[in-house]
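# Secondary and tertiary structure notes
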Amino acid sequence: MLNCEQATRLQSESMERPLSLKEKVELKLHTAMCNACRRFGRQVGSLRDMSRQYRDQQDNNSD
Ligand SMILES: [Zn+2]
């Protein structure tokens, strides 16, 4: 079972690399029970969306 530190680290790492199936399952199990990490995961997710939008804009500008 992951602790909160491991779970938040995995969530951060998921921005940089695809997580393995095992990591995804462990993370899902943890966030299902842990409010704090669920919230953190949402923040990471929105950060990822923002950086993707930023990249898309850069691509459009270079057109
Ligand atoms: Zn946690």
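Bear in mind that the values here come from a model prediction, so they are computed numbers and not experimental data. The numbers attached to residues start from 1 for each chain and follow its sequence in the written order. Residues qualify for local features only when their pLDDT is at least 70, as the model is predicted, and side-chain atom pairs are given and counted only at 80 or more; totals for whole chains, interfaces and linings, by contrast, use all residues. The side-chain values count all of the structure's non-hydrogen atoms but skip hydrogen atoms and water molecules.

## Examining the packing of helix α2 (residues 21-33) against helix α3 (residues 35-61)
- Axes here refer to lines fitted to C-alpha atoms; in helices the fit is confined to the stretch in contact. Angles between the N-to-C directions go from 0 to 180 degrees. Segments assigned H or I by DSSP are reported as helices when at least four residues long, segments assigned E as strands when at least two residues long, and all are numbered from the N terminus. Where α2 meets α3, the closest approach of the two axes is 5 Å, and the angle between their N-to-C directions is 115 degrees. Every pair of crossing elements has a handedness; the one defined by α2 and α3 is left-handed. In this structure, α2 contributes H30, T31, A32 and M33 to the contact, and α3 contributes N35, C37 and R38.
- Classifying every residue of the contact of α2 with α3 gives three nonpolar, three polar and one charged. Should the near helix be turned anticlockwise from the far one by less than a right angle, the crossing is termed left-handed; should it be turned clockwise, right-handed. The contact criterion used throughout is that any non-hydrogen atoms of two residues lie within 4.5 Å. Just so you know the grouping, Ala, Val, Leu, Ile, Met, Phe, Trp, Tyr, Cys and Pro go in nonpolar, Asp, Glu, Lys and Arg go in charged, and all remaining residues, Gly too, go in polar.

## Details of the packing of helix α1 (residues 4-13) against α3
- Where α1 meets α3, the axes come as close as 10 Å, and the angle between the chain directions of the two elements is 15 degrees. With respect to α3, the axis of α1 lies roughly parallel. As α1 runs across α3, the sense of the crossing is right-handed. Residues C4, A7, T8, Q11 and S12 of α1 touch α3, and the partners they reach there are C37, F40, G41 and V44.
- Considered class by class, the residues forming the contact of α1 with α3 number five nonpolar, four polar and no charged. Here roughly perpendicular refers to angles of 65 to 115 degrees, roughly parallel to angles under 35, roughly antiparallel to angles over 145, and oblique to all remaining angles.

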